[in-house]
Structures are given as C-alpha cells and as structure tokens.
Amino acid sequence: MQPDSQSLPRSPSTGLWASPGRHHVGLHHILRAQLKGSPVVELNVGGELYTTTMGTLRKLPGTKLAEMFFGSAKPCTDAEGRFFIDRPGTYFGPILDYLRSERLPTHHIPEVYREAQFYAIKPLVKLLEDTPQIFGEQVARKQFLLRVPGYSENLELMVRLARAEAMAARRSPVLVCAVRTEEDAAHCADALRILEAEKRSVVKFGPWKAAPQVKDLLDCVKMDITAQGYQVYYEPYSGRTLRAKYFSYFYTFVFIWW
C-alpha cells in the first residue's frame, strides 16, 4: 500500500511533500529527462495535474521552481512518481502560461499574484503589481491603512467585542470612533470620557495623515472584516448617551450571526 501524501512530512524550504522511498524515482526521472532532447515533466500541484518541460520550469533562474528542479534540493513525488507541489493547483496554470509565453493572467489576479510571490517569479510579480486590481490594493488602500495607527489591532478588538456579545443574540453592535485629524480627536475627547464612565467599549481609529476621509476608513474596516467571513454593516451612532454634535465621530458596526 502506498503512503498517503497527506500524512507525509513536508519540506519547509520547497513546500513539497516528502515521499520516503520515492526520492530516487523523481531523481531518476530528472536524470532521464536531462539525457533526452525534450525533457517532459509531470507535476501534481495540490491534486491537479500538469505536464510541462524542464526548460520551462528552469526558465527564470532564482525562482523557487528553478531551484526545485535544478538546485541541490530533491523534488518530492506523489504515489505515481509525479513531482508534488503542495500549493493551490487552480492557479498554477497561469504561472506556467507566463513561463511558457510571458502571457499575463486575466482572471483570479490576486490569487495568481500570491502564487507568483510564493514561487519568487519577480518579473511576473512586478507586472501584476501594475494591474489595477493589485495596484489599487497594494499601493493605494494598504498604504493608506499603514498610516492609520493600530488599524490591524483595532480590527481584532472589534471581532473580539462582537463575539463576546454574541451569546443568544442575532446581532452584536460594536461602537467605533473615527477621527481624521488631531482637532477631531480633541473635539470628541469629552464624548469618549462619557462613554468610558458608562463602561461602554469603544474602538477608536485615528487620527491619520492621509487624504482619505472617515467614510473611506469605515469602508476599509467593513471590507477587511467581511474578508474574514463575518457579515457586518455600519451605521451612524444615534444613541441618547451623547450629544448630537458628537454623532459625526461615532458609528455602530453590526455583526450579524444568523
């Protein structure tokens, strides 16, 4: 009985499954392919099968694929002797297409971009970073969020607060304070003290030094929480605790559980 690849140890440097007793099969395959004029290689990438040539895999020196099949690392194989790569197979096709003919993908750009980064295919990574999908995410949105102090930590805090309020509830409200400037922060300081005295949890974002407005930040928060699998929306705060003049700084994010 052949060992199940899922139970085999995996090489941390290549992401390939180790297959005891089968390394010699893969290496023999490589040596035999090198002796031939047209070295054809069969790959099993995350359960999807691909056929290519050794020349395609080695086309760009310095990439992880070139190192897998040209360097000192020993490629691992599946039960049928095919080289096994433990990565999403769906997005490996566009990687091969680029290596074969420098054709850029037109679908699943973020996923292919992530795989190109993993395989260290720098020319493809650079080209994809110029596409609207990646440029907008990596250059515009992420650069803005890097200028919002504690953004990631605040997202985690929002999720923790929402989950803490979820017991026997259909919805969990989380109160958020968003201040774009230092003046806004000073203006709503009294409101934050009132809420603290009432033991109300408030997640505060800002101030930040960037052009995007408060609504842009709130949209980013909604987008990133939704990306974690949560169903959430936000609305202006309308509680009786605060005076109306503070309402423009406070918003309620509502997590929906069922």
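Here, every reference points to the structure presented above.
These numbers were taken from a predicted model, which means no experiment stands behind them.

1. Considering the pairing of strand S2 (residues 48-53)
Inspection of the sheet shows strand S1 (residues 40-45) paired to S2 by six bridges, in the antiparallel sense. Opposite Asn44, over in S2, you have Leu49 as the bridge partner. As consecutive antiparallel partners, S1 and S2 are separated by two residues, and within that stretch Gly46 has a phi angle of approximately 60°, a positive value.

2. Side note on the layout of surface pockets
When its volume is computed, the largest pocket comes out at roughly 190 Å³. Looking at the largest pocket, the residues that line it are Leu161, Ala162, Ala164, Glu165, Pro173, Val174, Leu175, Arg200, Ser201, Tyr237 and Thr252. Elements with a contribution of two residues or more to the lining of the largest pocket: helix H8 (151-164) and strand S4 (171-178).

3. Some points on the sheet that holds strand S6 (residues 231-236)
Strands sit in the order S5-S4-S7-S6 across an open sheet of four strands; the sheet is mixed. Two strands bound the open sheet, and with one partner strand each, they are strand S5 (202-205) and S6. Across the sheet, the axes of successive neighbouring strands diverge by a mean angle of 30°, strand direction being ignored. Pairing geometry for S4 and S5, over four bridges, is parallel. Across the sheet, Leu175 pairs through a bridge with Val202, a residue of S5. Against the sheet, H8 touches S4, S5 and strand S7 (250-256), its axis set at about 160° to S5.

4. Some points on the packing of helix H5 (residues 109-118) against helix H7 (residues 132-146)
Pairs of packed helices are described in terms of their axes, by the angle between the two and the distance that separates them. Across the interface, H5 lies against H7 with an axial gap of 9 Å and an inter-helix angle of 70°. What the angle tells us is that H5 and H7 run roughly perpendicular. Across the interface between the two elements, Ile109, Pro110 and Tyr113 from H5 touch Gln133, Ile134 and Gln138 from H7.

5. Here's the deal with unusual backbone geometry
In the segment running from Gly206 into Pro207, the intervening peptide bond is cis, with an omega of 0°. On the secondary structure map, Pro207 appears in the loop between S5 and helix H11 (214-227). The phi torsion at Glu102 lies on the positive side, around 60°, for a residue other than glycine. Notably, Lys199 is not glycine yet its phi reads approximately 60°, a positive angle.

6. Quick look at the state of the cysteines
In this structure the tally under the stated criterion is zero disulfides. Counting only cysteine sulfurs, Cys177 is the nearest neighbor of Cys188, a cysteine outside any disulfide, at a range of 3.8 Å. We classify Cys188 as buried; its relative accessible area is 0%.

7. Focus on the side chain of Asn154
Relative to the assigned elements, Asn154 resides in helix H8. Not counting residues within four places of it along the chain, the set of residues in contact with Asn154 comprises Pro149, Val203, Lys204 and Phe205.

8. With respect to the pairing of S4
Regular strands place their side chains on alternate faces of the sheet. Most of S4 is tucked away: six of the eight residues are buried. In terms of strand pairing, S4 meets S7 through seven bridges, oriented antiparallel. By the bridge assignment for S7, Pro173 is matched with Val254.

9. A few points about the packing of aromatic side chains
Counted under the stated rule, the structure contains 13 aromatic pairs. Taking 6.1 Å as the distance between ring centres and 20° as the angle between the ring planes, the aromatic pair formed by Phe255 and Trp257 counts as stacked. A relative accessible area of 0% places Phe255 in the buried class. Taken together, the ring pairs in this structure connect Tyr50, Phe92, Phe118 and Tyr119 into an aromatic cluster. Here the guanidinium or amino end of Arg87 rests over the ring plane of Phe118, the centre of that ring lying 3.8 Å away.

10. Remarks on the sheet that holds S1
In space, the three strands of this open sheet follow the order S2-S1-S3, with mixed pairing throughout. Among the strands making up the open sheet, the edge pair consists of S2 and strand S3 (83-85). On average, each strand axis in the sheet is tilted by 30° relative to the strand beside it, whichever way the strands run. Those strands touched by helix H4 (residues 92-101) are S1 and S2, and its axis lies near 10° from that of S2.

Cut-offs used in this document
- Residues numbered from 1 in each chain as written.
- Predicted model: local features only at pLDDT ≥ 70, side-chain atom pairs only at ≥ 80, totals over all residues.
- Heavy atoms only, no water.
- Pairing = 2+ DSSP bridges.
- Helix = DSSP H or I, 4+ residues; strand = E, 2+ residues; numbered from the N terminus.
- 1 Å grid on protein atoms, 1.4 Å probe; cavity = no way out; pocket = protein on both sides within 12 Å on 5 of 7 lines; lining within 4 Å.
- Points joined across faces, edges and corners; volume = space filled by probe spheres on them.
- Axes fitted to C-alpha atoms, helices over the stretch in contact; angles between N-to-C directions.
- Contact = heavy atoms within 4.5 Å.
- Parallel < 35°, antiparallel > 145°, perpendicular 65-115°, else oblique.
- Disulfide = S-S within 2.5 Å.
- Buried < 20%, exposed > 50% of the residue type's maximum accessible area, 1.4 Å probe, protein only.
- Phe/Tyr/Trp six-rings, centres within 6.5 Å; stacked < 30°, edge-to-face > 60°.
- Lys NZ or Arg CZ within 6 Å of the ring centre and 35° of its normal.

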